[in-house]
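# Inside the fold
Here are the chains, one letter per residue:
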Amino acid sequence: MNKYNGTYENGRHERIVYPLGGIGAGMLGLEGTGALSHVSLRGKPDLHNQPLLFSTVTVLGDKPEARVLEGPVPSWKIFDARSGPHGGAAGGQNGRPYGLPRMRECSFVSRFPFGHVRMDDDSLPIRVELTGWGPFIPSDTANSSLPVAGLEYTFRNESGTTVDMAYGFHAYNFMSLGEGGAEVRRTEGGFALSQAPAEGKMWFEGAFSAAVDRPDPVVHTKWFRGPIWFDALTMLWKSIEAGGSLAYGEQEDGGERSGPGGSLYVRLRLQPGEEQRIRLRLCWYVPWTDQRHGQARPDVEGFEDMTHQPWYAGKFAGIGEVEAYWRDRYDELRGRTELFSDSLYSSDVPDEILEAVAGNLTILKSPTVMRQPDGRLWAWEGSFDTEGSCYGTCTHVWNYAQGLPHLFSELERGMRESELNEGQDETGHQAFRLPLPIVPTVHNYYAAADGQLGGVMKVYREWRISGDLEWLRSVWAQVKLSLHYCMEAWDPDRLGVLVEPHHNTYDIEFWGPDPMCSSIYIGALKAASLMCEALGEDGSVYKELYEKGREYMEVELFNGEYFEQRTTWEGLRAELPSLGHDAGNVQYSEDAYEIFKREGPKYQYGTGCLADGLLGAWLAAVCGLGDILDPEKVKSHLLSVYKYNFREDLSRHVNPQRPGFALGRESGLLLCTWPRGGEPTLPLQYSNEVWSGIEYQVASHLLLAGVRDEALAIVRACRDRFDGRVRNPFAEYECGLWYGRAMSSYALLGAYYGLRYDAVERKLYMDRDTPEDFRCFIATATGFGTAGRRNGVLFVEAAEGKIEAVFAEEEASGK
């Protein structure tokens, strides 16, 4: 099996948590062992939430053998101090099912959005395979946002005799919040756990349903009530060993109160060599959350009483409607999701690229992403254990994410509309974080130059992906207002580069012209000139300023190898920092101020080689703007980044910042180095770190420049760190798990063959030197499928929807 995009086994499965659920609908985590954990259904991450929630199989006979349908408990969990009530590890993991017999071996394979777990136990006559999934159908945002998950257990009789067995699913009522109103009840094909709203706490309401596709399962809705010690689990296991027969004290129905949990059982008879599959349909419904973040503009009434409501609550009236929809459309949605998965994995790209692309699409199924009833998406930067990381669909982080605009262009256009309307004031100042729920925000902090200017380029991208000129016309006035704000704030002398201090994704301000943000600026100017042309307006002011800025960057900021910052703090309009002064996001202590007097503002990079120093040129390429700088100089910069910033072994690297992203003998791409000297005493504050989202951005930019070996080395280094032993391969992190920037990996897919679809021109672009025979996944606003060459002949085939295109071959940039 291949090292990448292959089987996670022999310990590489132990850190896997694979998100199941819809976009913005909450998450169940499928572990590499087959366990369910990280249950986050209430509008926020709840990554410690590992309720009693598991499946079992019992081989019946004179001496029944029962197993939890999970592999061995990972060793790290046994002494995980966070993982349980009653003292966690120090309390012996009381309340966990870790002491119940389970399958002896397991392995995991991802075919996004399908996670496959194989379980073996040579003491049993059966083999078990589990597939966990949730609907994911490009452009079908509704069905891809459902609060549902499917677990499919396939049992095969490996013996020469008939096997009678019972499958079981069991859940403690984890929806209960301990203030009364909790219930476990029978439903069609299974049971539901629920919690009623509490007085003044409407977000307490919630329900979770489990049902099988077999008629008349045995359902127990009243587990034994045993609050002292371990009585409930003891009696539950007796029922499991009996194949679902009632143990003493359990009841199927009746009684005045619900029990603490519910179970369902299905009896099966397998002939020698026979396979049977049980499909467990899981769904949930939490119509309100307690989530409200950020600050509303003062004239927004009632924001202090608003809380987030998930999108699905506006579509369904309750858990019963979700259950019925999921039951009636399960087969259809599975088939369409499989079409997407098969199309994606038919791509003839290196395995490490496919693994990086698919592994980070899980971000869209994680608690990082939320969706409100009007359909708009709102996101954290990432997910911490019990809360989101850095609120507000941060513009400068989500600049990098390239999966959403191609797979769900409707959601990405909604993000632009939120930025330009609720996020922007009458001067054009754009807040880089939006409140939740999305309402007009306050404007009491710096705008982010990279995020705001990147938004102009992304409006261009959304237009080219959708082909919708009327949509462009509807947002154009706000786009111009945003761009002119940037011109006035950071380029008042119209040099074509950003000179005044400008906030950015490094959480500081760059002082003086820097190539990273200035490249985004000239990209925005070029995009504006082209959008003017399409709308019948005069865009010469933007075109001329773009050309001026391009010349400045190529002459003044290129040092012969790479582009560098011209740090400037004198002669600007901005106030200079002083001792005790809060200069933007930077505080100056007495010691730091002494350094400022010698060197200028701290956290600059000056002569440094910044990994994403040409972020704007990359954005221009993936947005369809073409080259905005001399391709040879761009290629030189990228090769310099690889030469100076890539480390095959970090064990000698000094990193006083956040070393957990990459350390020791691991490999990675440093954010900034100073190969020509001149490193500031207090350099760019994250310079010694490794961020996967920037690694993929640089790697895909190298591919676009025709440089493959170095690009693939960077991708492999990243995926080697997320190999399942130490880190989850399906939750790349930077400031929180499932970090939005990591979806820059999607750009690798198109960059490898130079594939890009333009809906305005109805053209499919492709590198001229692609192989005679290949195929690659492609998604447009109207369909998805594959494109490539067959015996040298270009083709595009839609698996769903339609893709109308003529072909246009072009040379890779920088070749």
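One can find the structure itself at the top, above this paragraph.
All values derive from a computational prediction rather than experimental measurement.

### Comments concerning the overall build of the chain
Within the chain one finds 17 helices and 35 strands. A globule of 815 residues ought to have a C-alpha radius of gyration of about 28 Å, and the chain, at 28 Å, matches this closely. Considering only C-alpha atoms, the chain reaches an extent of 85 × 65 × 55 Å along its principal axes. Among the 815 residues that make up the chain, the fraction classed as buried is 63%. For the chain, the share of sequence-separated contacts (at least 6 apart) that also reach a separation of at least 24 residues comes to 69%. Looking at the chain as shown, the accessible area adds up to about 29100 Å², and 47% of this sits on carbon and sulfur atoms. Each charge class in the chain can be summarised by its mean position, and for the 81 positive and 115 negative side chains these summaries are 3 Å apart.

### Re the environment of Arg 269
One can find Arg 269 in strand E16 (residues 261-270). Classification of Arg 269 as exposed rests on a relative accessible area of 52%. A sequence separation of 71 residues divides Arg 269 from Ala 198, and the C-alpha atoms of the two residues are 45 Å apart. Apart from the residues within four sequence positions on either side, Arg 269 is in contact with Thr 162, Val 163, Asp 164, Glu 274 and Gln 276. A polar contact of 2.6 Å, which involves the side chain of Arg 269, links it to the side chain of Asp 164.

### Thoughts on the sheet that holds strand E32 (residues 774-779)
What the 3 strands build is an open sheet, ordered E32-E33-E34; its pairing is antiparallel. Each edge of the open sheet is held by one strand with a lone partner, namely E32 and strand E34 (793-801). Direction aside, the axes of adjacent strands within the sheet are offset by 20° on average. Where E32 lies against strand E33 (residues 783-790), 6 bridges are found, and the strand directions are antiparallel. Counterpart to Phe 777 in the pairing with E33 is Thr 786. Set on the sheet, helix H3 (residues 319-345) makes contact with E32, E33 and E34; between it and E33 the angle comes to about 30°.

### Looking at the environment of Leu 748
Tracing the backbone shows Leu 748 in helix H17 (residues 747-753). Along the backbone, Leu 748 and Tyr 546 are 202 residues apart, and their C-alpha atoms lie at a distance of 27 Å. Non-local contacts of Leu 748, meaning those with residues more than four positions away in its chain, are made with Ile 353, Ala 356, Val 357, Tyr 696, Ala 699, Ser 700, Leu 703 and Val 715.

### Describing the nonpolar core
Membership of the largest hydrophobic core comes to 223 residues, with the highest contact counts inside it found for Ile 126, Phe 155, Tyr 167, Phe 169, Phe 208, Tyr 506 and Met 531. For this core, the leading source of residues is helix H10 (residues 515-535), giving 12 residues.

### Here's the deal with the side chain of Thr 441
By the secondary structure assignment, Thr 441 is in the loop between helix H7 (409-420) and helix H8 (449-466). Setting aside residues no more than four positions away along its own chain, Thr 441 makes contact with Gln 295, Ala 296, Arg 297, Glu 422, Gly 423, Ala 431, Arg 433 and Pro 435.

### Considerations on the sheet that holds strand E7 (residues 105-111)
Overall, antiparallel pairing links the 9 strands, which are arranged E1-E7-E8-E9-E10-E17-E14-E13-E12 in an open sheet. Looking at the sheet topology across the chains shown, the edges are occupied by strand E1 (7-8) and strand E12 (182-187). Bridging between strand E14 (residues 206-212) and strand E17 (residues 275-285) involves 6 bridges; their strand directions are antiparallel. Looking at the pairing, Ala 210 lines up with Leu 282 of E17. Against the sheet, H3 makes contact with E7, strand E8 (114-120), strand E9 (126-133), strand E10 (148-157), E12, strand E13 (190-195), E14 and E17, and its axis sits at roughly 120° relative to E17, the strand it touches most.

### Remarks on the layout of surface pockets
In this model, the largest pocket occupies a volume close to 1500 Å³. Lining the largest pocket are 48 residues, and of these Tyr 172, Asn 173, Phe 174, Ser 176 and Pro 260 sit closest to its centre. At the level of elements, strand E4 (36-40), E12 and helix H2 (231-241) are the ones that each hand at least two residues to the lining of the largest pocket. When residues of the lining of the largest pocket are assigned to their parent elements, the largest contribution, 3 residues, is made by H2. Of the residues that constitute the lining of the largest pocket, the class distribution is 22 nonpolar, 17 polar and 9 charged. Approximately 690 Å³ is the volume found for the second largest pocket.

### Some words on the pattern of salt bridges
In this structure the tally under the stated criterion is 58 salt bridges. Where Asp 121 meets Arg 67, a salt bridge forms, and the shortest distance between an N and an O atom there is 2.9 Å. Remark: Arg 67 occurs in strand E6 (residues 65-68) and Asp 121 occurs in the loop between E8 and E9; sequence separation between them is 54 residues. With respect to class, Asp 121 is no different from Arg 67; both count as buried.

### Here we look at the packing of H10 against helix H11 (residues 540-557)
Running from N to C, H10 and H11 cross one another at 155°; their axes reach a closest spacing of 8 Å. With respect to each other, H10 and H11 are oriented roughly antiparallel. H11 is crossed by H10, and the crossing has left-handed handedness. Within the contact between the two elements, H10 uses Pro 515, Ser 518, Ser 519, Tyr 521, Ile 522, Leu 525, Lys 526, Ala 528, Ser 529 and Cys 532 and H11 uses Tyr 542, Lys 543, Leu 545, Tyr 546, Gly 549, Arg 550, Met 553 and Leu 557. For the contact of H10 with H11, a count of residues per class yields 11 nonpolar, 4 polar and 3 charged.

### Side note on the packing of aromatic side chains
Here the structure, examined in full by the defined rule, presents 41 aromatic pairs. With a centroid separation of 5.8 Å and an interplanar angle of 25°, the aromatic rings of Phe 114 and Trp 133 are classed as stacked. With Phe 114 in strand E8 and Trp 133 in strand E9, this residue pair connects regions lying 19 residues apart in the sequence. For Trp 133, a relative accessible area of 0% gives the class buried. Taking the centre distance of 6.2 Å and the plane angle of 20° together, the rings of Phe 169 and Phe 191 count as stacked. On the criterion of sequence distance, the pair formed by Phe 169 in strand E11 (residues 163-172) and Phe 191 in strand E13 is long-range, its members being 22 residues apart. Look at Phe 191 and you get buried, because its relative accessible area is 0%. Through a chain of ring-to-ring contacts, three or more aromatic side chains come together here, namely Phe 112, Phe 136, Phe 340, Phe 408, Phe 777 and Phe 784. The residue whose ring lies beneath Arg 15 is Trp 76, and the NZ or CZ to ring-centre distance is 4.3 Å.

### Quick word on empty space enclosed by the protein
Summed over all chains, the structure comprises 9 cavities of 30 Å³ or more. Taken as a whole, the largest cavity encloses approximately 160 Å³ of empty space. Lining of the largest cavity is provided by 18 residues; of these, Ala 35, Glu 70, Lys 77, Pro 97 and Tyr 98 occupy positions nearest its centre. Only E4 and strand E5 (53-59) provide two or more residues apiece to the lining of the largest cavity. Classifying every residue of the lining of the largest cavity gives 10 nonpolar, 3 polar and 5 charged. Volume-wise, the second largest cavity comes out at about 110 Å³. If you go around the second largest cavity, you meet 16 residues; those closest to its centre are Gly 24, Ala 25, Gly 26, Gly 43 and Lys 44. Each residue belonging to the lining of the second largest cavity can be placed in one class, and the counts come to 8 nonpolar, 6 polar and 2 charged.

### Considering the environment of Gly 403
Position of Gly 403 among the secondary structure elements: in helix H6 (residues 403-407). Exposure remark for Gly 403: the relative accessible area of 0% places this residue in the buried category. For the pair Gly 403 and Ser 744, spaced 341 residues apart in sequence, the C-alpha to C-alpha distance is 7.3 Å. Sequence-distant contacts of Gly 403, defined by excluding residues within four places in its chain, comprise Met 743 and Tyr 746.

Parameters and conventions
- Residues numbered from 1 in each chain as written.
- Predicted model: local features only at pLDDT ≥ 70, side-chain atom pairs only at ≥ 80, totals over all residues.
- Heavy atoms only, no water.
- Helix = DSSP H or I, 4+ residues; strand = E, 2+ residues; numbered from the N terminus.
- Rg over C-alpha atoms; globule rule 2.2 N^0.38 Å.
- Buried < 20%, exposed > 50% of the residue type's maximum accessible area, 1.4 Å probe, protein only.
- Contact = heavy atoms within 4.5 Å.
- Areas by Shrake-Rupley, 256 points an atom, 1.4 Å probe, with all protein chains shown as cover.
- Lys, Arg positive; Asp, Glu negative; His and termini not counted.
- Charge placed at Lys NZ, Arg CZ, Asp CG, Glu CD.
- Polar contact = N/O pair within 3.5 Å; in protein donor to acceptor, adjacent residues only side chain to side chain.
- Pairing = 2+ DSSP bridges.
- Axes fitted to C-alpha atoms, helices over the stretch in contact; angles between N-to-C directions.
- Core = buried A, V, L, I, M, F, W, Y, C linked by side-chain atoms within 4.5 Å.
- 1 Å grid on protein atoms, 1.4 Å probe; cavity = no way out; pocket = protein on both sides within 12 Å on 5 of 7 lines; lining within 4 Å.
- Points joined across faces, edges and corners; volume = space filled by probe spheres on them.
- Nonpolar A, V, L, I, M, F, W, Y, C, P; charged D, E, K, R; others polar.
- Salt bridge = Lys/Arg side-chain N within 4 Å of Asp/Glu carboxyl O.
- Parallel < 35°, antiparallel > 145°, perpendicular 65-115°, else oblique.
- Left-handed = near helix turned anticlockwise from the far one by under 90°.
- Phe/Tyr/Trp six-rings, centres within 6.5 Å; stacked < 30°, edge-to-face > 60°.
- Lys NZ or Arg CZ within 6 Å of the ring centre and 35° of its normal.

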